[in-house]
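Survey of secondary and tertiary structure
Spelled out from the first residue to the last, the chains are:
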Amino acid sequence: GQSQVLAYQRRLADQFRVHILSYERPEDLSRKKDVAELDASLRDSRISWHRLTYHGRPTPLTKPFDISAGVALGAFLAKRDNLTLVHARSYVPGAIARSLQLLCGTKFIFDIRGFWADERVDGGIWPADGVLYRTAKRIEKSCLQNTDHLVSLTHAGIRSLRDFDAYANRSLPPFSVIPTCADLNVFSPVDRRESTGGLRIAYVGSVGTWYRFDRVAAAFASVLRARPDARFLVLNKSQHEHIHRELATAGIPPSRVEVRAVAHTQMGNALADVDLGVFFYKSSFSRAACSPTKLGEMLGCGIPCLTNGGVGDVESIVNKDRVGVVVDDLEDAAIDRGVEEALALLGPATSKRCRQSAERHFSLDAGVEGYRRIYESLSDANR
């Protein structure tokens, strides 16, 4: 929410009266000081923050309860403050927004954020024939057919949506492609330090479910064979034991690795002396709608990336802009070739292309203006 909600809405609040309705974990809400400070900061930005409790993994009981609570609060706010537009990020908020569209006549932006139901199946979290998946697909179909404006993270996602049952006999609604953007004032090569102590490789973010961190570890082992002076930086919030196990399995000496948690506001500084980013995803249908935040952030810092295909628009951006290497598969031979090509790519010219690519595809300024145009068009429609 800090980078992909508040970063946009703080800027949009200069023109629109913004309410944020969010579901928060009880342990986060218990941090009274942090909650109060964020609440005050949002009020200073003319944003009203309304908090409901997040009830963990979806079940046939918890999600209907959460949706009902969101609809009740949303309807109250819509009537009290004459709200005209609901911007829903993903499926459960989409169900709330669709309900408010019916109850209150509000316009509805479905910001799909990915094929959530199929992600749950592809990640092994839900069975494909289960009630949760079928229910989520019904919500998806209703949202896709009734949204006033559709937002996708990727062009690949839009191409896939054209084959969905929801659009079997109809055209797509007005749509925009707005990827997960990065604040390029924060993620900037200007502040990069001169690298000391050898080549530095980085991995950023989670390591479970849809990610192939085992193959990332294999890639760094390949780097070490070519460059024994290399170091590996892993920036991850809380999965450090799993990370160390995977690195040990790949035969990587602990002395060549640094694993730590970093606040998002400090991520740009943490990447300051990194030479190459590496990330791999599991191959699946749902990845077409994925826009890795880490790609825009690394490119913004002038860092090329080694990654795999089948992930949103990543392959087309990386190959077209020559800002990294995309491997065809995750077998050892392909990873070794990818590492060799990536190491040959490093240099000032590539770093400059990376920054230019970030400005072209992942600028927060452009993302904000994209949402502003959508809000303006639907606000005009309400007049």
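Anyway, here's the lowdown on the structure attached to this text. Here the residue numbering is sequential within each chain, running from 1 through the sequence in written order. Where local features are concerned, this predicted model is filtered to residues with pLDDT of at least 70; where side-chain atom pairs are given and counted, the filter is 80 or more; whole-chain, interface and lining totals use all residues. Derived side-chain values reflect all non-hydrogen atoms in the structure, with water molecules and hydrogen atoms excluded from consideration.

**Some details on the sheet that holds strand β9 (residues 257–260)**
Operational definition: Note on pairing: DSSP must find at least two bridges between two strands before they are called paired. Elements are defined by DSSP. Helices are runs of H or I of four residues or more, strands are runs of E of two residues or more, and each kind is numbered from the N terminus. For every element, the axis is a line fit to its C-alpha atoms; helices are fit only across the contacting stretch, and the angle between N-to-C directions ranges from 0 to 180 degrees. Contact definition: two residues touch when any of their heavy atoms are within 4.5 Å.
Read across the open sheet, the six strands follow the order β9-β8-β7-β10-β11-β12; overall the sheet is parallel. Edge positions in the sheet fall to β9 and β12 (324–327), since each has one partner strand and no second. Put simply, the sheet's adjacent strands are angled 20° from each other on average, direction ignored. Sheet topology places strand β8 (residues 231–235) next to β9; four bridges connect them, and they run parallel. Considered in β9, the bridge of L233 is made with E258. On the sheet, helix α10 (residues 240–249) packs against β8 and β9 and is oriented at approximately 160° with respect to β9. Sitting on the sheet, helix α13 (residues 314–321) is in contact with β11 (305–308) and β12, with an inclination near 135° to β12.

**Comments concerning the pattern of salt bridges**
For clarity, the threshold we go by: Any carboxyl oxygen of Asp or Glu within 4 Å of a side-chain nitrogen of Lys or Arg constitutes a salt bridge here. Think of it in three bands: residues with accessible area under 20% of the maximum for their type are buried, residues over 50% are exposed, and the middle band is partly exposed, with areas taken using a 1.4 Å probe on protein chains only.
Tallied over the entire structure, the rule returns 23 salt bridges. The partner of R200 in a salt bridge is D273, with the nearest N and O atoms 2.9 Å apart. With R200 in strand β7 (residues 200–204) and D273 in the loop between α11 (267–270) and β10 (276–278), this pair connects stretches of sequence that are 73 residues apart. Exposure remark for D273: the relative accessible area of 6% places this residue in the buried category. Residue E359 pairs with R355 through a salt bridge whose shortest N-O separation is 3.1 Å.

**Some points on the sheet that holds strand β5 (residues 149–152)**
Spatially, β3-β4-β5-β6 is the arrangement adopted by the four strands of the open sheet, whose pairing is parallel. Since the sheet does not close on itself, it has two edges, and those belong to β3 (85–89) and β6 (175–177), each with one partner. On average, adjacent strands in this sheet sit at an angle of 15° to one another, irrespective of strand direction. Direction of pairing for β5 relative to β6: parallel, over a ladder of three bridges. Directly across from V151, in β6, lies its bridge partner S176. Running over the sheet, helix α5 (residues 91–104) touches β3 and β4 (107–111) and is turned about 160° from β3.

**Observations regarding helix α4 (residues 62–81)**
Operational definition: Multiply 1.5 Å by the residue count of a helix minus one, and that product is the helix's expected span.
Taking 1.5 Å of rise per residue, 20 residues should cover 28 Å, and α4 covers 28 Å from first to last C-alpha, within 8% of that figure. Along α4, the positions that sit buried rather than exposed are T62, K63, D66, I67, G70, V71, G74, A75, L77 and A78. Taken together, the buried residues of α4 touch β1 (18–24), β2 (47–53) and α5. Residue N82 follows α4 closely and has a positive phi angle near 55°.

**Looking at the pairing of β4**
Operational definition: Note on handedness: a clockwise path from strand one over the helix to strand two, with the strands aimed away from the viewer, defines a right-handed crossover.
Within β4, four of the five residues are buried, which leaves it mostly tucked inside the rest of the structure. Of the pairings in the sheet, the one linking β3 to β4 comprises five bridges and is parallel in character. Among the inter-strand pairings, V86 is bridged to a residue of β4, identified as F108. Following the backbone out of β3, through α5 and into the adjacent parallel β4, one traces a crossover that is right-handed. Where β4 meets β5, three bridges bridge the pair, whose relative direction is parallel. Looking at the pairing, D111 lines up with V151 of β5.

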